[in-house]
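# A closer look at the structure
So you can see what is in the structure, the chains are spelled out below.
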Amino acid sequence: MDKLIDRIRKKTGNSCDMVFKKIIVKNAGGKDTYYLADFERTNASTALKPKCVIDEVDNYYNKMGVNVHRGVYKLSYLANDLWSRNLPLKADRGLILDRNGVVLADNITTTSLILIPNQLEDKEKVSKLLSQVLGVTKEEMDKHVYKETSIERVHPEGRQLSYEMADYINSLNLSGVYLVKESKRYYPYDDLLSHAIGYVGIDNQGLSGIELEYDDVLTGDDGAIKYYSDAKGNKLDLSQVYVSPTSGNNVSLTIDINIQQSIERELDNIVDMFKPDMALALVMNPNTGEVLGMSSRPNYDSNNYSNYSLEELSRNLPIWASYEPGSTFKIITVATAMELGKINEHS
């Protein structure tokens, strides 16, 4: 840039000062002309701008093989990218509903812990306090506090914090320690329809069932709070930018919650009475093929899926335990013959 300023001085004979994002040229008439980084010129009349200055800027970038419009804008973009930091805001996952709009998979708002290491004034103090609050060793917390990065998400111990814990951390008023909104999946009916609905991981990614099959539909677009800091991590006095997260799309099932609850209740009664190795039930609309309810035993609570074995999680028996109907299908043959008048109850 110094070479560019020298060239402009020689061409114009005017005094020039370089300011980041713009070149200020002192006109002979005493008026200032601004050559902005995004190439937006402040004056409509080109007569106020020495043509030789504009030509010199064009030539400077053209020699580098970059179009001046793109080149100057690119410098501004790179500078903005260098200064800007994003505090992530997780988007809510889309809801899973029954055929009547009853929510089967919901979201609750939790809080996650994020550190900006360069803004921590007393890292020893921060590490000690946070390790006590989160119930981890100071050595584990040191890995986050002393990490050489612009933004550090405290994972997994700082994820999905309770309101009480988040409030306490906030009351410590530690510089460089931030609490951001995070969405957590919640299943209001616990183990109801668990094999079909499935479950999600800590990052709200679908891992099983409907949650996995329609993960791209249910997943939203994350937002962020963009702020600006210098190379040392000190926050600059520039306006913050809030980018709102966009929730995922809802998915409606053919399931009827009333029928589903009846199935769950009857399966529980069967298990209590007969102690079978497994049990299953499936209710369909014979005219459309819609599944109105389905479940099996053993099942699991989608809110606490990590407490169950892989076998319990993966065996959706109405789908998995398929077999040839064999003799059980004879009733269909007899019913069809009676309906066609080929036989009757006395045959």
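This report concerns the structure included in the present document. As the structure is a prediction and not an experimental result, all values here were calculated from the model.

## Quick look at the side chain of Ser295
Residue position: Ser295 is located in strand E13 (residues 291-297). For Ser295, a relative accessible area of 7% corresponds to the buried category. One polar contact links Ser295 to Arg297, side chain to side chain, over a distance of 3.2 Å. Residues within four places of Ser295 in sequence aside, it is in contact with Gln260, Ile263, Glu264, Leu267, Ala279, Leu280, Ala281 and Pro318.

## Focus on helix H4 (residues 123-134)
Because an α-helix completes one turn every 3.6 residues, residues spaced three or four positions apart along the sequence face the same direction. Taking 1.5 Å per residue, twelve residues should reach 16 Å; H4 reaches 16 Å between its end C-alpha atoms and fits that length. Every buried residue of H4 is accounted for by Val126, Ser127, Leu130, Ser131, Val133 and Leu134. In an axial view of H4, the angular spread of the buried residues amounts to 160°, which keeps them on one side of the axis. Residue Gly135 follows H4 closely and has a positive phi angle near 75°.

## Quick word on the packing of H4 against helix H6 (residues 163-171)
When two helices pack together, their arrangement is given by the angle between their axes and by how far apart the axes lie. Running from N to C, H4 and H6 point in directions that differ by 165°, and their axes come no closer than 11 Å. One finds that H4 runs roughly antiparallel with respect to H6. Judged by the twist between their axes, the crossing of H4 over H6 is right-handed. Facing H4, whose interface residues are Leu130, Val133 and Leu134, H6 presents Met165, Tyr168 and Ile169. Broken down by class, the residue content of the contact of H4 with H6 amounts to six nonpolar, no polar and no charged.

## Notes on the packing of aromatic side chains
Within this structure, the stated rule accounts for three aromatic pairs. Between Tyr199 and Tyr305 the ring centres are 4.1 Å apart and the planes differ by 15°, which places this aromatic pair in the stacked class. One end of the pair, Tyr199, is in the loop between helix H7 (194-197) and helix H8 (209-213); the other, Tyr305, is in the loop between E13 and helix H11 (310-314), with 106 residues separating them in the sequence. With a relative accessible area of 23%, Tyr305 lands in the partly exposed category. Taken together, the ring pairs connect Tyr199, Tyr300, Tyr305 and Tyr308 into an aromatic cluster.

## As for the side chain of Glu211
Position of Glu211 among the secondary structure elements: in helix H8. For Glu211, a relative accessible area of 0% corresponds to the buried category. Sequence-distant contacts of Glu211, defined by excluding residues within four places in its chain, comprise Arg93, Ile96, Ala105, Arg185, Tyr187, Ile197, Gly198, Tyr199, Val200, Gly206 and Leu218.

## Describing the pattern of salt bridges
Scanning the model with the defined rule gives 15 salt bridges in all. Residues joined by salt bridges that share partners form a network here, namely Arg93, Arg185, Glu211 and Asp215.

## Observations regarding the packing of H4 against helix H5 (residues 138-145)
Running from N to C, H4 and H5 cross one another at 125°; their axes reach a closest spacing of 9 Å. It follows from the interaxial angle that H4 and H5 lie oblique. Crossing geometry of H4 relative to H5 is assigned as right-handed. Taken together, the residues of H5 that come into contact with H4 (itself represented by Lys123, Glu124, Val126, Ser127, Lys128, Leu130, Ser131 and Leu134) are Lys138, Met141, Asp142 and Val145. Considered class by class, the residues forming the contact of H4 with H5 number five nonpolar, two polar and five charged.

## Some details on unusual backbone geometry
Here His155 and Pro156 are connected by a cis peptide whose omega angle stands at 0°. Take Pro156: it is sitting in the loop between strand E7 (152-153) and H6. Positive phi outside glycine occurs at Gln160, with the angle close to 50°.

## Topic: a nonpolar patch on the surface
On the surface, Ile270, Met273 and Phe274 cluster together into a nonpolar patch covering about 340 Å² of accessible area. With respect to the helices and strands, the residue Phe274 is situated in helix H10 (residues 257-274). You can call Phe274 exposed: its relative accessible area is 59%.

How each quantity is defined
Each residue is numbered by its place in its chain's sequence as written, counting from 1. The predicted origin of the model limits local features to residues at a pLDDT of at least 70 and limits the giving and counting of side-chain atom pairs to 80 or more, whereas totals for whole chains, interfaces and linings rest on all residues. Where side-chain values are given, they derive from all heavy atoms of the structure, hydrogens and water being excluded. Secondary structure elements are defined from DSSP: runs of H or I of at least 4 residues count as helices, runs of E of at least 2 residues count as strands, and each element is numbered from the N terminus. Throughout this description, buried means an accessible area under 20% of the type-specific maximum (1.4 Å probe, protein chains only), exposed means over 50%, and partly exposed covers the range between. Pairs of N or O atoms are called polar contacts if they sit within 3.5 Å, as long as, within protein, a hydrogen donor faces a hydrogen acceptor (for residues adjacent in sequence, only side-chain-to-side-chain pairs). We call two residues in contact when some of their heavy atoms are within 4.5 Å. Here, expected helix span is obtained from the residue count minus one, scaled by 1.5 Å. The arc refers to the directions leading from the helix axis to the C-beta atoms. Each axis is a line fitted through C-alpha atoms, taken for helices only over the stretch in contact, and angles between the N-to-C directions span 0 to 180 degrees. Angle categories: roughly parallel below 35 degrees, roughly antiparallel above 145, roughly perpendicular from 65 to 115, and oblique for all the rest. Crossing handedness: left-handed means the near helix sits turned counterclockwise from the far one by under a right angle, and right-handed means the same turn made clockwise. Lys, Arg, Asp and Glu make up the charged group, whereas Ala, Val, Leu, Ile, Met, Phe, Trp, Tyr, Cys and Pro make up the nonpolar group; the residues left over, Gly among them, are polar. Only Phe, Tyr and Trp rings are paired, with Trp represented by its six-membered ring, and only when their centres lie within 6.5 Å; those with planes under 30 degrees apart are stacked, over 60 edge-to-face, the remainder tilted. In what follows, salt bridge is the name for a side-chain nitrogen of Lys or Arg lying within 4 Å of a carboxyl oxygen of Asp or Glu. Surface patches are drawn from residues lacking salt bridges whose relative accessible area is over 30%; two like charges belong together within 9 Å, two nonpolar side chains (Val, Leu, Ile, Met, Phe, Trp, Tyr) within 5 Å. All accessible-area figures derive from a Shrake-Rupley calculation using a 1.4 Å probe, and residue coverage is judged against the displayed protein chains alone.

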